[in-house]
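Chains, contacts and geometry: an overview
One-letter residues, chain by chain:
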Amino acid sequence: RYRGRWFDISSGIVFLGLWSIPVMWVGVMLIGFLANEEFIRWFPTAGLHDLKAQQMPFLPRAPESGFERGWLLDTVWHLILPVICLTYGGFAVMAKLTRASLLENMAADYVRTARAKGVSDHDVLFRHVLHNSLLPLITVLVGILPAMFAGTVIIETIFSISGMGKLGVEAAFMKDRE
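What comes next is a walk through the structure.

Basis of the calculations
- Residues numbered from 1 in each chain as written.
- Predicted model: local features only at pLDDT ≥ 70, side-chain atom pairs only at ≥ 80, totals over all residues.
- Heavy atoms only, no water.
- Patch = residues over 30% accessible without salt bridge, like charges linked within 9 Å, V, L, I, M, F, W, Y side chains within 5 Å.
- Areas by Shrake-Rupley, 256 points an atom, 1.4 Å probe, with all protein chains shown as cover.
- Salt bridge = Lys/Arg side-chain N within 4 Å of Asp/Glu carboxyl O.
- Helix = DSSP H or I, 4+ residues; strand = E, 2+ residues; numbered from the N terminus.
- Phe/Tyr/Trp six-rings, centres within 6.5 Å; stacked < 30°, edge-to-face > 60°.
- Buried < 20%, exposed > 50% of the residue type's maximum accessible area, 1.4 Å probe, protein only.
- Axes fitted to C-alpha atoms, helices over the stretch in contact; angles between N-to-C directions.
- Parallel < 35°, antiparallel > 145°, perpendicular 65-115°, else oblique.
- Left-handed = near helix turned anticlockwise from the far one by under 90°.
- Contact = heavy atoms within 4.5 Å.
- Nonpolar A, V, L, I, M, F, W, Y, C, P; charged D, E, K, R; others polar.
- Core = buried A, V, L, I, M, F, W, Y, C linked by side-chain atoms within 4.5 Å.

**Comments concerning a nonpolar patch on the surface**
Residues Phe-58, Leu-59, Phe-67, Leu-72, Leu-73 and Val-76 make up a contiguous nonpolar surface patch of roughly 570 Å² in combined accessible area. Examined against the element boundaries, Val-76 turns out to sit in helix α3 (residues 71-106).

This is the structure we're talking about:
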């Protein structure tokens, strides 16, 4: 809707930059700045759980002694940085593709016809254009998901997580085909 304005141009530059940055570098930088004791130290550096996770209750709670994180919140807290590393590239690609698809459909004949009939801009955008713009996104998403799963091997190595990516590589090296 706002093609060529400052938000369109700046978001395009940001998404192109996000897509260009390697996942390995981003993972190391996130650990270095957001999990390092010398900088912010908001997140843990490795693993899926705290060392005391087995003694934690499942859900967070706030007894008189103070706030207890709980096993579930601890797991989510440990997964924030790996999930950011896994999704930022695909998000950038999908955002650029969404923009291109929406712009292409905004110039279509059926949009001009709907506007000529007196349909509001909001309804034209969300009921006509968005529905037809989702088809290329679904098609590309089918290709992004396997690439994201393949990238889990790198993410699991950087964040010291034992997961399905490492298990798949180990099975391939051991020639476990079952």
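From this point, the narrative continues.
**Some points on the packing of aromatic side chains**
Taken as a whole and judged by the stated rule, the model has 4 aromatic pairs. With 6.0 Å between their ring centres and 85 degrees between their planes, Trp-6 and Phe-7 make a pair best called edge-to-face. Phe-7 carries the same exposure label as Trp-6, and that label is exposed. Measuring from ring centre to ring centre gives 5.7 Å for Phe-58 and Trp-71, while their planes differ by 20 degrees; the resulting arrangement is stacked. Separated by 13 residues along the polypeptide, Phe-58 in the loop between α2 (23-34) and α3 and Trp-71 in helix α3 bring together distant segments of the chain. Its relative accessible area of 49% is what places Phe-58 among the partly exposed residues.

**Considerations on the environment of Arg-112**
The topology assignment puts Arg-112 in helix α4 (residues 109-117). Exposure remark for Arg-112: the relative accessible area of 53% places this residue in the exposed category. Here the alpha-carbon distance between Arg-112 and Thr-98, two residues 14 residues apart in the chain, equals 20 Å.

**Digging into the pattern of salt bridges**
Across all of its chains, the model carries 6 salt bridges by this definition. Of the charged contacts in the structure, one is a salt bridge between Asp-121 and Arg-115, with a shortest N-O distance of 3.4 Å. With relative accessibility at 46%, the residue Asp-121 sits in the partly exposed group. Overlapping salt bridges, with partners in common, bring together Asp-50, Arg-69 and Asp-74 in one network.

**Overview of the packing of α4 against helix α5 (residues 121-158)**
Running from amino to carboxyl end, α4 crosses α5 at an angle of 155 degrees, the nearest separation of the two axes being 10 Å. In terms of axis orientation, α4 runs roughly antiparallel to α5. Of the two possible hands of crossing, α4 and α5 adopt the one that is right-handed. Contact residues: Tyr-110, Val-111, Ala-114 and Arg-115 in α4; Asp-121, Val-124, His-128, Val-129 and Asn-132 in α5. Of the residues contributing to the contact of α4 with α5, the split by class is 5 nonpolar, 2 polar and 2 charged.

**Examining the nonpolar core**
Counting 13 residues, the largest nonpolar core has Val-26, Leu-30, Ile-31, Leu-34, Leu-81, Cys-85 and Phe-159 as its most contacted members. Put simply, the parts of the chain that give this core at least two residues each are α2, α3 and α5. At 4 residues, α2 tops the list of elements feeding residues into this core. Beyond its immediate chain neighbours, meaning those up to four positions away, Cys-85 contacts Val-23, Val-26, Gly-27, Leu-30, Ile-155 and Phe-159. Residues Ala-114, Val-124, Leu-125 and Val-129 belong to the second largest nonpolar core, which totals 6 residues.

Don't take any of this as a statement about function, it's just geometry.
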